[in-house]
Amino acid sequence: NGANKITYLKYNIVVMGDPFVGKSSIIERYVHGKYGPCYLQTIGTDYFKKELEIEANPILLYIFDTAGQEDMKTVIRSIYRNAQGILLVFDFSRHQTLRHIREWIDLIRMNCEVMPELLLVGNKVDLKDLKVTEDEAKLMAESLDIRFIKASAKKNQNITESFEQLAKQIFTNR
Ligand code: GDP
């Protein structure tokens, strides 16, 4: 009996960025509502499912973590190739993680036939000693022609909003 079956729009979402910017923590916070050192480290092509609604449309997100595979560019290529959306994460306490965003986007451009929707997420905004200013992040986002959101997996700030914003971009543009 399929009468009550919900038909979902399905989006593949990939979380990319330098090591230790907080990719796994962001996913853990969004999917399980938790933060801490005890989460299961994702290796390989593990993904998480999460439902949401956009304008009354049920959407199922398949969220892929690339943590631990940042140097295995060929491994993650097979993940983000099929992505409709990518969260590009940098760490507000390490400037080079913002500068590297350009390289991550180059990699995506080289490997994706259809460019996925992108969103720049500045994580760890809760920290006291930030090395990146909000203006720098905004300028980077402008020059890359993508949106920017500041977030904290630790303080649960703008985590849900990041995924919702990305899903909304996909919903609107596809
Ligand atoms: P990944 O390698 O990109 O997946 O990064 P992790 O999720 O493993 O996080 C790397 C380190 O940063 C860990 O020690 C986390 O506890 C810490 N971390 C992650 N998110 C935040 C955050 O929002 N604020 C702070 N202060 N630390 C964070």
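Here is a short report on the structure shown in this document. (Residues numbered from 1 in each chain as written. Predicted model: local features only at pLDDT ≥ 70, side-chain atom pairs only at ≥ 80, totals over all residues. Heavy atoms only, no water.)

**Brief notes about the sheet that holds strand E2 (residues 47–54)**
To keep things clear, this is the line we draw: Being paired, for any two strands, means DSSP has found at least two bridges between them. Starting at the N terminus, helices and strands are each numbered in turn, a helix being any DSSP run of H or I of at least four residues and a strand any DSSP run of E of at least two. Between N-to-C directions, angles span 0 to 180 degrees; the directions come from axes that are lines fitted to C-alpha atoms, helices contributing only their stretch in contact. For this analysis, residues touch if any pair of their heavy atoms sits within 4.5 Å.
Pairing is mixed across the open sheet formed by six strands, whose spatial order is E2-E3-E1-E4-E5-E6. Looking at the sheet topology across the chains shown, the edges are occupied by E2 and strand E6 (147–150). Between one strand axis and the next, the sheet turns by 25° as a mean value, whatever way the strands run. One ladder, built from eight bridges, connects E2 with strand E3 (residues 57–65); its direction is antiparallel. What sits directly across from Lys 50, in E3, is Leu 61. This element, helix H1 (residues 23–32), spans strand E1 (9–17), E2, E3, strand E4 (85–91) and strand E5 (117–123) of the sheet and lies at about 150° to E3. Strands in contact with helix H4 (residues 101–111) are E1, E4 and E5; relative to E4, the strand with the most contacts, it is inclined by about 160°.

**Details of the pattern of salt bridges**
To keep things clear, this is the line we draw: We define a salt bridge as a contact between a side-chain nitrogen of Lys or Arg and a carboxyl oxygen of Asp or Glu at a distance within 4 Å. Summary of the burial criterion: residues with accessible area below 20% of their type's maximum are buried, those above 50% are exposed, and those between are partly exposed, where the area comes from a 1.4 Å probe applied to protein chains only.
One pass over the structure, following the stated rule, counts six salt bridges. A salt bridge links Asp 129 to Lys 131; the shortest N-O distance between them is 2.8 Å. Among the residues examined, Asp 129 registers a relative accessible area of 51% and is labelled exposed. The partner of Glu 134 in a salt bridge is Lys 138, with the nearest N and O atoms 3.6 Å apart. Of this pair, Glu 134 and Lys 138 both sit in helix H5 (residues 134–144), four residues apart, which is roughly one turn of the helix. Judged by relative accessible area, Glu 134 falls into the partly exposed class, the value being 32%. Through salt bridges that share partners, Asp 91, Arg 94 and Lys 124 make up one connected network.

On their own, these measurements won't tell you what the molecule is for.
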